[in-house]
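Tertiary structure, described
Each chain, letter by letter, is given below.
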Amino acid sequence: MLTDAYGRVATDLRVSLTDRCNLRCAYCMPPEGLDWLPKPEVLTGDEIIRLITIGVEALGIREVRFTGGEPLLRPDLADIIAATAALEPRPDISLTTNGIGLDRRAAGLKAAGLDRINVSLDTLRPEVFRKLTRRDRLDDVLTGLAAAAAAGLTPVKVNAVLMRDLNDDEAPELLSYCLERGYELRFIEQMPLDAQHGWKRTEMVTSGEVLASLSAAFELSDDIERSRGAAPAETFIVNGGPARVGVIAAVTRPFCGACDRVRLTADGQIRNCLFARSESDLRAALRSGATDAEIADRWRAAVSSKLPGHGINDPAFLQPDRPMSAIGG
Ligand code: SAM
């Protein structure tokens, strides 16, 4: 098991398949993009599968979420999913994507063993999408979402980040869109993980603001069936149900005490927190001939030193060197 000094057990593995992305979201990276990892530093499909296998068979990982960067940019994504689905016990398999290209791949990913999907969609307004992502791909994202639902990757979840003076008035519009199509929408508070270090606490749109703006248009009630537990989203029933909406208040109402996540970066580093300031190099171990047991030991040690909280609200908080795209959100 992957346990830490505070009694938390990591069972949910977030695997970043690439640090590259085909969007340039303002809360994530600068318009010109970043210096991507050189290809030899990125784990191969076989290396990723070996690590996931160790995680599942030896360390108690029960959920695997593929992310990035943009995971659909990885041509071997379906093979990696299929190999993960063949493990015993079979983990729950999900994907976080911006949806571009999903229209062509959703059915194949489902057939490979993908159970669930989260698609990121921050705005429904083409001009705002262009400004926020610096790309003109809104239609591709919407088509991708519809393809995910048609492929049976349901309930399709939609992740939205609101930014001050850009899309902070769009919460009700996004919720109407999702309700009409049966998608489950969750608003994520913007976190200090952008490569350009432009995040300001005072400018962040809080989940409290999001809920206030939704409450003006919808009737929201407590979701007694779902307790927050280790799930980052706090959910609410919309207009009497059964539809729900969630907020992920990572900054204003942190959930570190219940965190069950551990992250593997595209270049093979274990991070025990999004905001960790140190990593454990499993790629070096893999490539120098370490046994599965040695890799598992290194991984256990990495999780055992997990701090009690992310510290964003501490005056001494320091943003991690790696931006979100290079960690895997
Ligand atoms: N490219 C994929 C996508 O767009 O979903 C997967 C990677 S992306 C880093 C995963 C999620 O992290 C997205 O929903 C994105 O909106 C969110 N995200 C990125 N930077 C963020 C930040 N600074 N604060 C909060 N969420 C962020």
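A brief look at the structure comes next. (Residues numbered from 1 in each chain as written. Predicted model: local features only at pLDDT ≥ 70, side-chain atom pairs only at ≥ 80, totals over all residues. Heavy atoms only, no water.)

**Quick notes on empty space enclosed by the protein**
Inspection of the entire model under this criterion finds one cavity of 30 Å³ or more. What the largest cavity holds in volume is close to 40 Å³. Lining of the largest cavity is provided by Ala160, Leu162, Phe187, Ile188, Glu189, Val205, Ser207 and Val210. Elements with a minimum of two residues in the lining of the largest cavity: strand 6 (184–188) and helix 7 (207–215). (1 Å grid on protein atoms, 1.4 Å probe; cavity = no way out; pocket = protein on both sides within 12 Å on 5 of 7 lines; lining within 4 Å. Points joined across faces, edges and corners; volume = space filled by probe spheres on them. Helix = DSSP H or I, 4+ residues; strand = E, 2+ residues; numbered from the N terminus.)

**Observations concerning the packing of aromatic side chains**
Taken as a whole and assessed by the stated rule, the structure comprises two aromatic pairs. Each ring, one from phenylalanine 275 and one from phenylalanine 317, has its centre 5.9 Å from the other, and the planes form 65 degrees; the classification is edge-to-face. Placement of phenylalanine 275 in the loop between strand 11 (269–271) and strand 12 (280–281) and of phenylalanine 317 in the loop between helix 9 (292–304) and helix 10 (324–327) is noted, with a sequence separation of 42 residues between them. Above the plane of the ring of tyrosine 177 lies arginine 181, whose end atom (NZ or CZ) is 3.6 Å from the centre. (Phe/Tyr/Trp six-rings, centres within 6.5 Å; stacked < 30°, edge-to-face > 60°. Lys NZ or Arg CZ within 6 Å of the ring centre and 35° of its normal.)

**Description of the site of the ligand**
The immediate surroundings of the ligand are formed by 17 residues, with Tyr27, Gly69, Glu70, Ser120 and Met191 found nearest. A distance of 3.0 Å separates an oxygen atom of the ligand from a polar side-chain atom of tyrosine 27. Serine 120 has a polar side-chain atom sitting 2.6 Å from an oxygen atom of the ligand. When isolated, the ligand has an accessible area of 550 Å², and the protein chains bury 94% of it. Among the secondary structure elements, those contributing two or more residues to the shell around the ligand are strand 3 (92–97) and strand 5 (157–161). Split by residue class, the shell around the ligand holds five nonpolar, ten polar and two charged. (Near = heavy atom within 4 Å. Polar contact = N/O pair within 3.5 Å; in protein donor to acceptor, adjacent residues only side chain to side chain. Areas by Shrake-Rupley, 256 points an atom, 1.4 Å probe, with all protein chains shown as cover. Nonpolar A, V, L, I, M, F, W, Y, C, P; charged D, E, K, R; others polar.)

**Section: the pattern of salt bridges**
One pass over the structure, following the stated rule, counts 28 salt bridges. Between arginine 164 and aspartate 168 there is a salt bridge whose closest N-O contact spans 3.9 Å. A salt bridge links glutamate 180 to arginine 181, with the shortest nitrogen-to-oxygen separation between them at 3.3 Å. A network of salt bridges, in which partner residues are shared, links Asp12, Arg14, Asp260 and Arg261. (Salt bridge = Lys/Arg side-chain N within 4 Å of Asp/Glu carboxyl O.)

**Some points on the state of the cysteines**
A complete count under the given rule lists zero disulfides for this structure. Lacking any disulfide linkage, cysteine 178 is separated from the closest cysteine sulfur, that of cysteine 25, by 16 Å. Here cysteine 178 falls in the buried class, since its relative accessible area comes to 0%. The cysteine cysteine 256 is free of any disulfide, with cysteine 273 supplying the nearest cysteine sulfur at 6.2 Å. By relative accessible area, cysteine 256 is classed as buried at 16%. (Disulfide = S-S within 2.5 Å. Buried < 20%, exposed > 50% of the residue type's maximum accessible area, 1.4 Å probe, protein only.)

**Overview of the packing of helix 1 (residues 45–59) against helix 2 (residues 77–85)**
At their nearest, the axes of helix 1 and helix 2 sit 10 Å apart, and the two run at 25 degrees to each other. Overall, the two elements helix 1 and helix 2 adopt an arrangement that is roughly parallel. Here helix 1 runs over helix 2; the crossing is right-handed. Residues Gly45, Ile48, Ile49 and Ile52 of helix 1 form the contact with helix 2, whose own contacting residues are Asp79, Ile80, Ala83 and Thr84. (Axes fitted to C-alpha atoms, helices over the stretch in contact; angles between N-to-C directions. Parallel < 35°, antiparallel > 145°, perpendicular 65-115°, else oblique. Left-handed = near helix turned anticlockwise from the far one by under 90°. Contact = heavy atoms within 4.5 Å.)

**Regarding the layout of surface pockets**
The method is simple in principle: a probe with the dimensions of a water molecule rolls over the atoms, and the space it marks as empty is what remains. In this model, the second largest pocket occupies a volume close to 280 Å³. Forming the boundary of the second largest pocket are 14 residues, of which Leu17, Thr18, Lys39, Val42 and Arg74 lie nearest the centre. Considered class by class, the residues forming the lining of the second largest pocket number six nonpolar, three polar and five charged.

**As for unusual backbone geometry**
Note the cis peptide between glutamate 88 and proline 89, where omega equals -5 degrees. Along the chain, the position of proline 89 falls in the loop between helix 2 and strand 3. In this structure, the amide linkage connecting glycine 241 to the following residue, proline 242, adopts the cis form with an omega of 0 degrees. Mapped onto the fold, proline 242 is located in the loop between strand 8 (234–238) and strand 9 (244–248). Here arginine 134, not a glycine, exhibits a phi torsion of approximately 60 degrees, which is positive. Note that arginine 134 resides in the loop between helix 4 (126–133) and helix 5 (138–150). Arginine 134 gets classed as partly exposed once you look at its relative accessible area, which sits at 27%. Backbone geometry places histidine 197, a non-glycine residue, at a positive phi of 50 degrees. Here histidine 197 lies in the loop between strand 6 and helix 7.

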